[in-house]
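The primary structure of each chain is shown beneath.
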Protein chains: 2
Amino acid sequence: MGLVQPLEEKKAQAGIEALVSLVSADMGRVNEMILSRTGSDVTMIPEVANHLISSGGKRLRPILTLATAILSGYRGEGHVKLAASVEFMHTATLLHDDVVDESEMRRGKISARMKWGNEASVLVGDFLLGQAFRMMVEVGSLRALQILSDAAAIIAEGEVMQLAAAKNIETREDDYLRIIAAKTAELFGAACEVGPVIAGRPEAEAAACRDYGMALGIAFQLVDDALDYGGAAATLGKNVGDDFREGKITLPIVLTVQRGTDADRAFLRRTLERGEIAEGDLEEALAILRRNRALEDTIARARDYGARAVSALDVYPDGPMKRALVDAVEFCIARAY
Amino acid sequence: MGLVQPLEEKKAQAGIEALVSLVSADMGRVNEMILSRTGSDVTMIPEVANHLISSGGKRLRPILTLATAILSGYRGEGHVKLAASVEFMHTATLLHDDVVDESEMRRGKISARMKWGNEASVLVGDFLLGQAFRMMVEVGSLRALQILSDAAAIIAEGEVMQLAAAKNIETREDDYLRIIAAKTAELFGAACEVGPVIAGRPEAEAAACRDYGMALGIAFQLVDDALDYGGAAATLGKNVGDDFREGKITLPIVLTVQRGTDADRAFLRRTLERGEIAEGDLEEALAILRRNRALEDTIARARDYGARAVSALDVYPDGPMKRALVDAVEFCIARAY
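As annotated in an unreviewed UniProt entry, chain A carries the name Octaprenyl-diphosphate synthase and is attributed to Salinarimonas ramus. In UniProt, chain A has this text filed under Sequence similarities (unreviewed entry): "Belongs to the FPP/GGPP synthase family." Annotation of chain A in UniProt includes, under Cofactor (unreviewed entry), the sentence "Mg(2+)".

For the rest of this paragraph, the subject is the overall build of chain A. Helix and strand counts for chain A stand at 15 helices and 2 strands. For chain A, whose C-alpha radius of gyration is 20 Å, the value lies close to the compact-globule estimate of 20 Å for 337 residues. Its C-alpha atoms give chain A principal-axis dimensions of about 60 × 50 × 35 Å. Buried positions account for 59% of the 337 residues belonging to chain A. Within chain A, residue pairs in contact and separated by at least 24 positions form 78% of the contacts whose partners lie at least 6 positions apart. Taken as a whole, chain A presents about 13200 Å² of accessible surface, with 50% of it coming from carbon and sulfur.

Right, let's get into helix α11 (residues 251–259) of chain A. Where burial is concerned, most of α11(A) is hidden: 7 out of the 9 residues are buried. Looking at the buried positions of α11(A), the neighbouring elements they touch are α8 (173–198), α9 (203–227), α12 (262–273), α13 (281–291) and α14 (294–312) of chain A.

Attention shifts here to the relation of the copies chain B and chain A. By a simple turn and slide, chain B fits onto chain A: the slide is 0.0 Å along the axis, the RMSD is 0.0 Å, and the turn is 180°. Such values leave the two copies arranged in the relation of a two-fold axis. Looking at chain B, 100% of its interface residues are interface residues in chain A too, so the copies touch through the same face.

Applying the stated criterion to the full structure yields 53 salt bridges over all chains. A salt bridge links A:D150 to B:R134, with the nearest nitrogen and oxygen atoms 2.8 Å apart. Of this pair, A:D150 sits in helix α7 (residues 142–165) while B:R134 sits in helix α6 (residues 118–139), on two different chains. For A:D150, a relative accessible area of 24% gives the class partly exposed. We classify B:R134 as buried; its relative accessible area is 19%. Within this structure, A:R143, A:E186, A:E193 and A:R210 form a network of salt bridges that share partners.

This part covers the packing of aromatic side chains. Residues and elements named next belong to chain A. Under the definition given, this model contains 5 aromatic pairs over all chains. Between F244 and F267 the ring centres are 6.4 Å apart and the planes differ by 15°, which places this aromatic pair in the stacked class. Placement of F244 in helix α10 (residues 242–246) and of F267 in helix α12 is noted, with a sequence separation of 23 residues between them. On the basis of relative accessible area, F267 is assigned to the buried category, the value being 8%.

This part covers the interface of chain B and chain A. Listed as interface residues are 38 residues of chain B and, on the opposing side, 38 residues of chain A. Summing the contributions of chain B and of chain A, the shared interface buries around 3300 Å²; its carbon and sulfur component is 79%. It is B:L123, B:R134 and B:V160 in chain B that bury the most area against chain A; as a group they hold 17% of the surface buried on that side. Remark: the boundary between chain B and chain A carries 2 salt bridges. Mapped by element, the contributors of at least two residues to the side of chain B that touches chain A are α2 (44–53), α4 (78–101), α6 and α7 (142–165) of chain B. At 15 residues, the largest contribution of residues to the side of chain B that touches chain A is made by α7(B).

It is worth spelling out the side chain of B:H90 at this point. Turning to its location among the elements, B:H90 is positioned in helix α4. Beyond its immediate chain neighbours, meaning those up to four positions away, B:H90 contacts B:R61, B:R107 and B:L187.

Turning next to a nonpolar patch on the surface. Residues A:M105, A:I110 and A:M114 make up a contiguous nonpolar surface patch of roughly 280 Å² in combined accessible area. Here A:M105 shows up in strand β1 (residues 105–106).

Attention now goes to the confidence of the model for chain A. Counting all residues, the mean pLDDT for chain A is 92, and 96% of those residues have values of 70 or more. Counting interchain partners and residues more than four positions distant, the pLDDT-below-50 stretch residues 1–11 of chain A has 6 contacts.

Time to look at helix α2 (residues 44–53) of chain A. Along an α-helix, a turn takes 3.6 residues, which lines up residues three or four apart on a common side. The element α2(A) is largely enclosed, with a buried count of 8 among its 10 residues. Three or more residues of α2(A) are buried, namely A:M44, A:I45, A:P46, A:V48, A:A49, A:H51, A:L52 and A:I53.

Residues and elements named next belong to chain A. Viewed as axis vectors pointing N to C, α2 and helix α4 (residues 78–101) meet at an angle of 100°, and their least axial separation amounts to 11 Å. With respect to α4, the element α2 is oriented roughly perpendicular. Here V48, L52 and I53 of α2 lie close against α4, whose contacting residues are F88, T91, L94 and L95. Looking at the contact of α2 with α4 residue by residue, the classes come out as 6 nonpolar, 1 polar and no charged.

Residues and elements named next belong to chain A. Within the secondary structure, A132 is located in helix α6 (residues 118–139). You can call A132 buried: its relative accessible area is 0%. Along the chain, A132 and D175 lie 43 residues apart, while their C-alpha atoms are 30 Å from each other.

Residue and element names in this part refer to chain B. Relative to the assigned elements, R335 resides in the segment after α15 (320–334). For R335, the side chain forms a polar contact with the main-chain oxygen of F220, separated by 3.2 Å. Not counting chain neighbours up to four residues away, the residues in contact with R335 comprise F220, V223, D224 and L227.

This brings us to the state of the cysteines. Taken as a whole and judged by the stated rule, the model has 0 disulfides over all chains. Sulfur of A:C332: no disulfide; nearest cysteine sulfur belongs to A:C192 and is 11 Å away. Given a relative accessible area of 1%, A:C332 falls into the buried group. Cysteine B:C209 remains unbridged, with the sulfur of B:C192 as its closest cysteine sulfur at 6.4 Å.

Basis of the calculations
Residues numbered from 1 in each chain as written. Chains lettered and ligands numbered in written order. Predicted model: local features only at pLDDT ≥ 70, side-chain atom pairs only at ≥ 80, totals over all residues. Heavy atoms only, no water. UniProt positions renumbered as here; feature names shortened; annotations may be inferred. Helix = DSSP H or I, 4+ residues; strand = E, 2+ residues; numbered from the N terminus. Rg over C-alpha atoms; globule rule 2.2 N^0.38 Å. Buried < 20%, exposed > 50% of the residue type's maximum accessible area, 1.4 Å probe, protein only. Contact = heavy atoms within 4.5 Å. Areas by Shrake-Rupley, 256 points an atom, 1.4 Å probe, with all protein chains shown as cover. Least-squares fit on C-alpha atoms with pLDDT ≥ 70 in both. Salt bridge = Lys/Arg side-chain N within 4 Å of Asp/Glu carboxyl O. Phe/Tyr/Trp six-rings, centres within 6.5 Å; stacked < 30°, edge-to-face > 60°. Buried area = accessible area lost by both parts, 1.4 Å probe. Patch = residues over 30% accessible without salt bridge, like charges linked within 9 Å, V, L, I, M, F, W, Y side chains within 5 Å. pLDDT = per-residue confidence, 0-100. Axes fitted to C-alpha atoms, helices over the stretch in contact; angles between N-to-C directions. Parallel < 35°, antiparallel > 145°, perpendicular 65-115°, else oblique. Nonpolar A, V, L, I, M, F, W, Y, C, P; charged D, E, K, R; others polar. Polar contact = N/O pair within 3.5 Å; in protein donor to acceptor, adjacent residues only side chain to side chain. Disulfide = S-S within 2.5 Å.

Encoded structure:
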């Protein structure tokens, strides 16, 4: 891997830069909107919200809303508020996820719930969700409101599905894919779909952007799942093993349970289901995943979804924004290496 | 009180019955809508949602939406979905409140978070909020969407304000009134305002219904605050003392801090701020509240807000629905006795 990795990293960076540059003017306004809409006389609200918002997420979801609006030739102001809404929905989900997962860290910082308590994470998440809907309503597109409110319900449904599947190593691959379609990909799909929708473009283009976003979202989540076990190399590094320690069932585990020996399954049952994790168990888990080719096949599936995302854009003629959206797919997948 | 109480109770019941009867046909459809929209393939969702929804709340908020729509001569179907949305927003708030307050009981039943965990309470609350927005969008009134999404953000803001004021006995009366205006009255106000709005009635009527709901909501909360210390009689009974044990600052406490002796304040600081509660302290608290006339004056303020609610309806001519709405105010206040 020694030679390949730097190359892939360079490619990954180039992959997202075109997209970031094409939306940068609008993105500045999204960032202003985000700042102004986290404002409140209740000082705890901007404190908690900005703790997370300023912690350097990639803002991929609002970027996608801006990009698909520009791809659709949209001329107006609505995409800025919709993009900010999408980011608020995402941030609210992260705040609530931390409470659900009892996370101590988020994006390399102490989690909001550890600093301000579960209460603040729940309530500031609710506030951001309310603010998200306010902004959407201001844009005034009932169709965009429908897409995003559908997404809000489906995301929560996906999170509950994940909760019900938690620590159950019998979870099947199609069940797992349905969970991540709902909890992760749905917001990517909605973020992309509202672009053509507010531009008044035909249904086929809205469907194409939605398909792009959904497939990209699934690819993105699968790469995250692989990265949590060290990516393609399956080696220890920073942030490796969080899912393992939390007993999260992700695709690498699902594939290993399908393919592994009885001893492999017994190991995963002890560590993930019963939470009995001893010194050296993470290394042992990595060895088992490697032996079952679980990470490379998770990434292979991410590639398949990436290819679907790219072909969803076939309805569009060649152009800089289309190319940037294609490159963004490659960027998401190259993270795995 | 021996003679007065049964009389007051009878009056209280009569007070709400006219309203319930006038909306009963529509309310049947709201209940069907609530049941169908808590449905999900994810079985945990209807389980958790129905645990709370079927636990016999009064459904006062959706009743108000139906009542103000009928008062406004509305002919359509939208009020049913808006009423169900309002109830879902309320239920979501209760689920999240339980996590925030670490409540073990809710409406005389074990709380959802004790039965299914904090995670389920947070996520099913999020799901209901998403479903609420879906139904609102289906109704298609941007103005109603604006009112209810404003409410969602303001309610969460009020909850955070309350969190920031928690266990601080220096909270002032006007600060406390702002908290309950946001966390409780706002949803009453929005529930009432959307009735005339979807009926296309003039702004003055929408404002009148909103004022009615806001004032009624504050009165309702103040009576709840008084009831938590046994109501006008300040005597022990079932559910008395929950706020005291949780260290909640409510108007009876605020008034006592203003008026009481240094010893009274020292007592409240020990019990509410530091949470050092010993055997007999609740009885002592009731004695201190009685001595400072804190409960009767809390109820007197509730009466003032009740009178405001009634006079907000001055724009409407006399009629059965107006009379039922006036009686509902009396019902809310009579609970205090």
